[in-house]
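Observations on the model geometry
What follows is the residue order along each chain.
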Amino acid sequence: MTAPDPDAVELTHPDRVVFEDDGLTKGDVVRYYREVAPRMVPHLRGRPLSLERFRASIDEGGFFQQSAASHFPEWVPRIEVRRRGGEAGQHPGCDSPAALVYLANQGTLTFHGWAARAPKLENPDRLVFDLDPDGDDFAPVRRAALLLHEVLDDHGLRGLPMTTGSRGVHVVLPLDASAGWDELWTFAKALGAALVKRAPKELTRAFYRSQRRGRLYVDTARARRGHLAIMPWTVRPRPGAPVAMPLRWEELEDPELHAQTWTLRDALERPEDPWEGAAGHGQNLVSASASLGIDA
């Protein structure tokens, strides 16, 4: 079934306040997603999603929805995912501006997605590095991201940085979806180790906070099957309505930059998506692994 025009999707309860401290309503959220759809939908298309939904304000808490609801219209995709034990579930997907607007009107504020797209769910098309500080100081995050950029350059690899709208930065490596999850996990660990080696007093891959001793955590867990990452341009449930914002590398050199620099109010003032077209230039994981001296 063909999706309708996004302007034709019914908006309900537009005056319901979602961000109480900022006076932002559900109508503001839906309008943002309608306007950002041309930039955001290409990043979502084909990915199993987990929806972070709010029936009232963010102060009252939300919930995660991983399964597509039976009442979703036919033009909102259902993506079948094999889960543990062999059973299959249907995740919601989003492949049109109308689907994005519909899901936003369902109270979805934040979109989390897989690192693979249907129909090749066993072949990830991206690797996500999460650079997450223990505190609120963003300077170590910027330094770590720029160090990762150096590591990638040294190995002939390309990464795409993004503020998460929360506390840190994601660096995404677009891949050509020719390898599987095990190969991705092996590669992610090797690349994470290469990054930590550049600054072992500042960076760590230690999972437990007690072992980090003030060092910034280089998180590669999103290289595992079924793990989710924040989608570009999504709104986060934090005061100010910050947005996960794709960046150019040089923007990370700005000492004024922080994880919540852009918000729902001003995100669309950026003239373009710095990542536009990146998905069509995926890197080969076997070649990338060889550059790190590992077998993929």
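This is a predicted model, so every value here is computed, not measured.

Here the focus is helix 1 (residues 26-44). Its 19 residues give helix 1 an end-to-end C-alpha distance of only 21 Å, which falls more than 12% under 27 Å, the value for a rise of 1.5 Å per residue. A37 marks where helix 1 bends most, by close to 75°; the proline P38 follows one to four residues later. Directly after helix 1, the chain includes G46, whose backbone phi takes a positive value near 85°.

A separate point is helix 2 (residues 97-105). For helix 2, a buried count of eight out of nine residues is recorded, marking the element as mostly surrounded by other parts of the structure. Looking only at helix 2, the buried set comprises A98, A99, L100, V101, Y102, L103, A104 and N105. Here the buried face of helix 2 lies against helix 1, strand 3 (49-53) and strand 7 (108-113).

Glancing now at the packing of aromatic side chains. For any pair of aromatic rings, geometry is given as the distance between the ring centres together with the angle between the planes. For the structure on display, the rule yields five aromatic pairs. With a centroid separation of 5.3 Å and an interplanar angle of 75°, the aromatic rings of Y33 and F111 are classed as edge-to-face. You can see Y33 sitting in helix 1 and its partner F111 sitting in strand 7, a full 78 residues away along the chain. Per residue, the accessibility class of Y33 equals that of F111, and both read buried. When the centroid spacing of 5.7 Å and the interplanar angle of 80° are considered together, the rings of W75 and Y102 count as edge-to-face. Of this pair, W75 sits in the loop between strand 4 (63-65) and strand 5 (78-82) while Y102 is found in helix 2, placing the two residues 27 residues apart along the sequence.

Procedures and definitions
Residues numbered from 1 in each chain as written. Predicted model: local features only at pLDDT ≥ 70, side-chain atom pairs only at ≥ 80, totals over all residues. Heavy atoms only, no water. Helix = DSSP H or I, 4+ residues; strand = E, 2+ residues; numbered from the N terminus. Expected span 1.5 Å × (residues − 1). Bend = angle between axes of the 7 residues up to and from the residue. Buried < 20%, exposed > 50% of the residue type's maximum accessible area, 1.4 Å probe, protein only. Contact = heavy atoms within 4.5 Å. Phe/Tyr/Trp six-rings, centres within 6.5 Å; stacked < 30°, edge-to-face > 60°.

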